[in-house]
Amino acid sequence: MPLYWPVDADFGALASGEAAVPAQPSAFEQSYELVLLDTLSPIAGLTADEPEVQPLSELDFLAVIQPRVLTPTDNVALDEWVRGGGQLLLVLDPFLNGHYPLPLGDPRRPVETTLIPPVLARWGLELRFDEAQPRNLRSLVLRDNSIPLALTGELWEIPGTHSDCQLFGDGVMARCLLGEGRLTILADAEVFKGDLPDGGHGHEHQEASSRNHAIRNDAIQALVRFAFETE
């Protein structure tokens, strides 16, 4: 997802730091300092004597949103981190709805269909997608806040796994206690899409864009508060 750099930024602008930052990070930065991760897996030391670097070891909260792929070691690291007391927001959208002005295969383009990480089954959940569902925009009401949804997945508890999960919105969200930690899984990434380039211009377009940013940022903040609350 183009959450920290614009979806259409060129590589030169990214490398030089000249690319503008989208509005979505500000929803997180209201309460948290963002730390960008290249991997969830342990990183080997430069020499045989150096210990591995654990990217998650100093973090209390983690958001993983529409990942391209989680490696086997990523799955293990994520599971161990949550069980050890971490709080995770995991967003997996099985059908990302939207137009992105980039060709297929471009690394800046989000994945339209998420790859379901095997650790989901270890947590006692499976993700399904109903292709016949209505394509209209709807919402999940979360403590008096509306989270926009479109073409969602559906989370199901796997029988016999004894998962400690609560499902919301007909399964579009699950909140689970796992060891000393907690995970919140949302089977839709609509709220994180933000405004995509559509060629609109003029004062009315700018006002509509500002309203859209404000509504989505409020929804992201509500989701983050729900996932990461500590009381």
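The structure contained in this document is the topic of the report that follows. These numbers come from a predicted model, not from an experiment. (Residues numbered from 1 in each chain as written. Predicted model: local features only at pLDDT ≥ 70, side-chain atom pairs only at ≥ 80, totals over all residues. Heavy atoms only, no water.)

1. Some points on the overall build of the protein chain
A count of helices and strands for the protein chain gives five helices and nine strands. Counting across all 231 residues of the protein chain, residues that qualify as buried make up 43%. Put simply, the protein chain shows about 12800 Å² of open surface, and 52% of that area lies on carbon and sulfur atoms. (Helix = DSSP H or I, 4+ residues; strand = E, 2+ residues; numbered from the N terminus. Buried < 20%, exposed > 50% of the residue type's maximum accessible area, 1.4 Å probe, protein only. Areas by Shrake-Rupley, 256 points an atom, 1.4 Å probe, with all protein chains shown as cover.)

2. Structural notes on the sheet that holds strand β2 (residues 87-91)
By way of backbone hydrogen bonds, the strands of a sheet pair with one another, either parallel or antiparallel. Taken in spatial order, the five strands of this open sheet run β1-β2-β9-β8-β7, and their pairing is mixed. Each end of this open sheet is capped by a strand with a single partner; those strands are β1 (61-65) and β7 (165-168). The average undirected angle you get between the axes of adjacent strands in this sheet is 10 degrees. (Pairing = 2+ DSSP bridges. Axes fitted to C-alpha atoms, helices over the stretch in contact; angles between N-to-C directions.)

3. Description of the pairing of β7
With four bridges connecting them, β7 and strand β8 (residues 173-178) associate as antiparallel partners. Of the residues in β8, the one forming a bridge with Leu167 is Ala174. Linkage of β7 to β8, two consecutive antiparallel strands, is achieved through a turn of four residues, within which Gly169 is found at a positive phi near 55 degrees.

4. Remarks on the layout of surface pockets
In this structure, the largest pocket encloses a volume near 1500 Å³. What lines the largest pocket is a set of 40 residues, among which Leu3, Leu36, Leu37, Ala63 and Ile65 lie closest to the centre. Of all elements in the fold, only α2 (24-29) and β1 reach the threshold of two or more residues within the lining of the largest pocket. The element contributing the most residues to the lining of the largest pocket is β1, with five residues. (1 Å grid on protein atoms, 1.4 Å probe; cavity = no way out; pocket = protein on both sides within 12 Å on 5 of 7 lines; lining within 4 Å. Points joined across faces, edges and corners; volume = space filled by probe spheres on them.)

5. Side note on the pairing of strand β4 (residues 138-142)
Pairing geometry for β4 and strand β5 (residues 145-149), over five bridges, is antiparallel. Each bridged residue has a counterpart across the sheet, and for Leu140 the counterpart in β5 is Ile147. Adjacent in sequence and paired antiparallel, β4 and β5 are bridged by two residues, among which Arg143 carries a positive phi angle near 50 degrees.

6. Remarks on the environment of Arg68
Relative to the assigned elements, Arg68 resides in the loop between β1 and α3 (72-83). Among the residues examined, Arg68 registers a relative accessible area of 39% and is labelled partly exposed. Look past the residues within four positions of Arg68 in its chain and what remains in contact with it is Asp106, Pro107, Arg108, Arg109, Pro110, Val111 and Leu115. (Contact = heavy atoms within 4.5 Å.)

7. Some points on the pattern of salt bridges
Under the definition given, this model contains seven salt bridges. Between Arg143 and Glu229 there is a salt bridge, with its nearest N and O atoms 2.7 Å apart. Here the residue Arg143 occupies a position in the loop between β4 and β5, and Glu229 occupies one in the segment after α5 (203-228), the gap between them amounting to 86 residues. Take Arg143: its relative accessible area is 51%, and that puts it in the exposed class. The partner of Lys193 in a salt bridge is Glu190, with the nearest N and O atoms 3.2 Å apart. The pair formed by Lys193 and Glu190 is uniform in burial state, with each residue classed as buried. (Salt bridge = Lys/Arg side-chain N within 4 Å of Asp/Glu carboxyl O.)

8. A short note on the side chain of Arg182
Note that Arg182 resides in strand β9 (residues 181-186). No salt bridge is formed by the buried Arg182; the nearest opposite charge belongs to Glu229, separated by 4.8 Å. For Arg182, the side chain forms a polar contact with the side chain of Gln87, separated by 2.5 Å. (Lys, Arg positive; Asp, Glu negative; His and termini not counted. Polar contact = N/O pair within 3.5 Å; in protein donor to acceptor, adjacent residues only side chain to side chain.)

9. Description of the environment of Glu58
With respect to the helices and strands, the residue Glu58 is situated in the loop between α2 and β1. Residue classification places Glu58 among the exposed positions, given a relative accessible area of 70%.

10. A short note on the nonpolar core
With 29 residues, the main nonpolar core has Ile147, Met173, Phe192 and Leu223 as its most contacted residues. For this core, the secondary-structure elements that each account for two or more residues are α2, β2, β4, β5 and α5. Sorting elements by how many residues they give to this core places α5 first, with eight residues. In contact with Met173, not counting residues within four places along its chain, are Leu140, Leu142, Leu155, Gln166, Leu167, Phe168, Thr184, Ile185, Leu186, Leu223 and Phe226. Of all hydrophobic cores here, the second largest spans 25 residues; its members include Leu40, Leu125, Leu155 and Cys176. (Core = buried A, V, L, I, M, F, W, Y, C linked by side-chain atoms within 4.5 Å.)

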